[in-house]
Each structure stands twice: as structure tokens, then as C-alpha cells.
Amino acid sequence: MKIAVCDDCYEDAQYLKTFLKKHEVKLYPDAACLLADLRDSKQYYDLYLLDIFMENSINGIDLAEKLRTMDESAVICFISSSDAF
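Residues numbered from 1 in each chain as written. Predicted model: local features only at pLDDT ≥ 70, side-chain atom pairs only at ≥ 80, totals over all residues. Heavy atoms only, no water.

1. Focus on the side chain of D51
Right, on to step 1. Inspection of the secondary structure puts D51 in strand β3 (residues 47–51).
Right, on to step 2. Lacking a salt bridge, the buried D51 has K17 as its closest oppositely charged neighbour, with an N-O distance of 17 Å.
Right, on to step 3. When residues no more than four places from it in sequence are discounted, the contact partners of D51 are C6, D7, D8, N59, G60, I79 and S80. (Helix = DSSP H or I, 4+ residues; strand = E, 2+ residues; numbered from the N terminus. Buried < 20%, exposed > 50% of the residue type's maximum accessible area, 1.4 Å probe, protein only. Lys, Arg positive; Asp, Glu negative; His and termini not counted. Salt bridge = Lys/Arg side-chain N within 4 Å of Asp/Glu carboxyl O. Contact = heavy atoms within 4.5 Å.)

2. Some thoughts on the sheet that holds strand β1 (residues 2–6)
Right, on to step 1. Read across the sheet, 4 strands follow the order β2-β1-β3-β4 without closing on themselves; strand pairing throughout is parallel. Only two strands of the sheet have a single neighbouring strand rather than two, namely β2 (24–28) and β4 (75–79). With direction set aside, neighbouring strand axes in the sheet form an average angle of 20°.
Right, on to step 2. Here β3 runs beside β4; their pairing, made up of 5 bridges, is parallel. Paired with L50 across the two strands is F78, which belongs to β4.
Right, on to step 3. Where helix α2 (residues 31–41) meets the sheet, its contacts fall on β1, β2 and β3, and the angle it forms with β2 comes to roughly 125°. (Pairing = 2+ DSSP bridges. Axes fitted to C-alpha atoms, helices over the stretch in contact; angles between N-to-C directions.)

3. Observations concerning the pattern of salt bridges
Right, on to step 1. Summed over all chains, the structure comprises 1 salt bridge.
Right, on to step 2. In this structure, K26 and D37 form a salt bridge, with 3.4 Å as the shortest nitrogen-oxygen distance. A residue pair is termed long-range when its members are at least 10 positions apart, and K26 in strand β2 and D37 in helix α2 qualify at 11 residues.
Right, on to step 3. Classification of D37 as partly exposed rests on a relative accessible area of 21%.

4. Side note on the packing of aromatic side chains
Two numbers describe a pair of aromatic rings. These are the distance of the centres and the angle of the planes.
Right, on to step 1. For the coordinates displayed, the defined rule picks out 3 aromatic pairs.
Right, on to step 2. With a centroid separation of 5.1 Å and an interplanar angle of 85°, the aromatic rings of Y15 and F19 are classed as edge-to-face. Separated by 4 residues within a single helix, Y15 and F19 lie in helix α1 (residues 10–19), roughly one turn from each other.
Right, on to step 3. Using a relative accessible area of 56% as the deciding quantity, one classes Y15 as exposed.
Right, on to step 4. Residue classification places F19 among the exposed positions, given a relative accessible area of 58%.
Right, on to step 5. The interplanar angle of 80° and the centroid separation of 6.2 Å between the aromatic rings of Y28 and Y45 together place this pair among those described as edge-to-face. (Phe/Tyr/Trp six-rings, centres within 6.5 Å; stacked < 30°, edge-to-face > 60°.)

Set out below in C-alpha cells:
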């Protein structure tokens, strides 16, 4: 399974990756990097794990809307280390 993790906290993304070690996982520090990679490669992921709140990027919910227009069958899961979400 190919999984994209988009989280602005590198430590949180790496921690999550340790639980997904049997899968092909690529980490993205922000929405712009993920979207650019998808536009350039035209290859999509089986699962997108998106941080809900990213300080220097659009939030995960807005990112999910953009992903849905690019990949209608995308499986999207929101993640957060914030108690507010």
C-alpha cells in the first residue's frame, strides 16, 4: 500500500511512519509539496494521512478538498496531535 503522510511536524510524521513500516510511505512537510509531487508524477497514493492543522500551509481539510478533485477515489484520514481537533 502506498501512503502519503502530510504533517508539518517532522517528528510526528516520523513517529507515524514507524507504525506503517510494512507499507511504502512518503512524508510531506506541507500541502504544497504533496500537491506539486502529485501534479508532476501523476501517481496517486492508496491512502492520505493529513494533519488537520498545519501552520505554514493550508489545513488538512482544505488539502483533502484539493486531493478529491485530483483523485476521486482517494482514501483520506485526518490526523492531529492537537487536543483541539
